[in-house]
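The lines below spell out each chain.
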Amino acid sequence: MKQTEPSRRELILQALAGLLESDPGARITTAGLAKRVGVTEAALYRHYPSKRKMFEGLIEFAEEAVFSRCQLILQEHEDARIRLQQLAHLVLVFAERNPGLCRVLTGGALVGEDEGLQRRVSQFFDRLETQVRQILKEGDIRQGLRPLTSAGHSADWMMVFIEGRIQRFVRSSFERRPSTDFDESWVLLAAGFWAAGS
């Protein structure tokens with residue numbers, strides 16, 4: 001999904017994401033996808049042997065985009081409070097810029113597809129939650145940010161916020177943007193992480 005001269009594989013994933021965004025209620029068929037890309041179904045299968053592989057390609061794109069940027073946040077910021085805020089904002093902006101992919105991440109586009117795809121999506125969010133939990137623990141150890149509750153409970157609360165925003169974006173037909181009023185919402189969310197004065 002690069003900006004310059006995307007490969008045929010990338011064009012196929014872009015077309016799939018586009019169909020998921022423009023026709024949210026429709027079931028994706030390889031015939032419809034091939035038509036949108038402008039190739040035959042046989043050509044489509046030369047690049048992706050199954051529809052499952054195409055959906056996996058979208059999930060892998062999300063993993064690469066989010067977690068590579070997450071590493072940059074960890075390198076650029078020492079403060080756990082900033083790390084968490086930047087991470088939450090990153091995921092919500094990524095979702096906002098990739099509405100079709102949000103239908104995959106919320107599971108709606110995967111109904112009737114291979115169950116393994118749902119597990120892949122779960123792994124994406126589990127990995128994100130693990131990262132949040134680690135940041136919270138490091139904030140306690142390195143900065144003395146006294147937690148109000150366990151890192152596990154705080155990470156769970158943050159994931160409810162992120163996943164809820166993405167779900168609402170999908171449910172509103174991509175009208176209620178996930179990053180809207182983020183700063184105000186973050187103040188309320190972060191107040192539940194650490195004791196006053198931390």
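See the structure above.
Our subject in this report is the structure included herewith.

Reading the values: the criteria
Residues numbered from 1 in each chain as written. Predicted model: local features only at pLDDT ≥ 70, side-chain atom pairs only at ≥ 80, totals over all residues. Heavy atoms only, no water. Buried < 20%, exposed > 50% of the residue type's maximum accessible area, 1.4 Å probe, protein only. Helix = DSSP H or I, 4+ residues; strand = E, 2+ residues; numbered from the N terminus. Arc of directions from axis to C-beta. Contact = heavy atoms within 4.5 Å. Salt bridge = Lys/Arg side-chain N within 4 Å of Asp/Glu carboxyl O.

## Here's the deal with helix H2 (residues 30–37)
1) Next: Buried within H2 we find Thr-30, Leu-33 and Ala-34. The buried side chains of H2 occupy one side of the element, clustering within an arc of 100° when seen end-on.
2) Next: Lining the buried residues of H2 we find helix H1 (8–22), helix H3 (41–47) and helix H4 (51–76).

## Here's the deal with the pattern of salt bridges
1) Next: Overall, the coordinates contain 11 salt bridges when judged by the stated rule.
2) Next: Salt-bridge contacts for Glu-113 lead to Lys-51; the nearest nitrogen and oxygen are separated by 3.0 Å. A residue pair is termed long-range when its members are at least 10 positions apart, and Glu-113 in the loop between helix H6 (99–105) and helix H7 (115–143) and Lys-51 in helix H4 qualify at 62 residues.
3) Next: You can call Lys-51 buried: its relative accessible area is 15%.
4) Next: For Lys-53, the salt bridge goes to Glu-56, with nearest N and O atoms at 3.4 Å. Pair noted here: Lys-53 and Glu-56 are both in helix H4, with a separation of three residues, about one helical turn.
5) Next: Judged by its relative accessible area of 39%, Lys-53 falls in the partly exposed class.
6) Next: For Glu-56, a relative accessible area of 8% puts it in the buried group.
7) Next: A network of salt bridges, in which partner residues are shared, links Arg-52, Lys-53, Glu-56 and Asp-114.

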